[in-house]
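Residues per chain are reported as follows:
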Amino acid sequence: MYIIPTGSSINNDFDFNNHRYLMVKVDVVCMKKKVTVDSGYIDDFNEKLIVVNGKAFIRDQYLFVSKS
């Protein structure tokens, strides 16, 4: 299991630059409610958002936990 770091920089993160996470299925967990709100593959990402199943999630407000 691997939690995608919310504070990592896209420009400096070797794994993100190589699109490793685009092939990983993740659970999107709301940190306030402590519930899983979505599950699927990462479609896209940037410094502030990660897109899963066509929905954008703010990186600082959610945990992205790998399924494998």
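Nothing here was measured: the structure is a model prediction, and the numbers come from that model.

Asker: When you look at the nonpolar core in this model, what are you seeing that I'm missing?
Answerer: A general feature of soluble globular proteins is that nonpolar side chains tend to end up buried together. By size, the foremost hydrophobic cluster in this structure holds 11 residues: Val24, Val26, Val28, Cys30, Ile42, Phe45, Ile50, Val52, Phe57, Tyr62 and Phe64. When residues of this core are assigned to their parent elements, the largest contribution, 3 residues, is made by strand β1 (residues 25-30). Apart from residues no more than four positions distant in its own chain, valine 24 is found in contact with Gly40, Tyr41, Ile42 and Ser66.

Asker: How do you make sense of the environment of serine 39 when you look at a structure like this?
Answerer: Position of serine 39 among the secondary structure elements: in strand β2 (residues 35-45). Accessibility expressed as a relative area gives 28% for serine 39, which makes it partly exposed. Note: C-alpha distance between serine 39 and valine 52 (13 residues apart in sequence) is 7.3 Å. At a separation of 2.9 Å, a polar atom in the side chain of serine 39 contacts the side chain of aspartate 27.

Asker: When you look at the pairing of β2 in this model, what are you seeing that I'm missing?
Answerer: Across 6 bridges, the pairing between β1 and β2 is antiparallel. The partner of aspartate 27 across the bridge, within β2, is serine 39. Where β1 folds back on β2, the antiparallel hairpin that results is connected by 4 residues, among which lysine 34 adopts a positive phi of roughly 55°. Examined bridge by bridge, β2 and strand β3 (residues 49-52) share 3 bridges and lie antiparallel to one another. The partner of isoleucine 42 across the bridge, within β3, is valine 52. Between the end of β2 and the start of β3, which pair antiparallel, lie 3 residues.

Asker: What's the story with the packing of aromatic side chains in this structure? I'm lost.
Answerer: By convention here, two paired aromatic rings are described through the distance between centres and the angle between planes. Counted according to the given criterion, the structure contains 1 aromatic pair. Taking the centre distance of 5.1 Å and the plane angle of 75° together, the rings of phenylalanine 57 and tyrosine 62 count as edge-to-face.

Conventions and cut-offs
Residues numbered from 1 in each chain as written. Predicted model: local features only at pLDDT ≥ 70, side-chain atom pairs only at ≥ 80, totals over all residues. Heavy atoms only, no water. Core = buried A, V, L, I, M, F, W, Y, C linked by side-chain atoms within 4.5 Å. Buried < 20%, exposed > 50% of the residue type's maximum accessible area, 1.4 Å probe, protein only. Helix = DSSP H or I, 4+ residues; strand = E, 2+ residues; numbered from the N terminus. Contact = heavy atoms within 4.5 Å. Polar contact = N/O pair within 3.5 Å; in protein donor to acceptor, adjacent residues only side chain to side chain. Pairing = 2+ DSSP bridges. Phe/Tyr/Trp six-rings, centres within 6.5 Å; stacked < 30°, edge-to-face > 60°.

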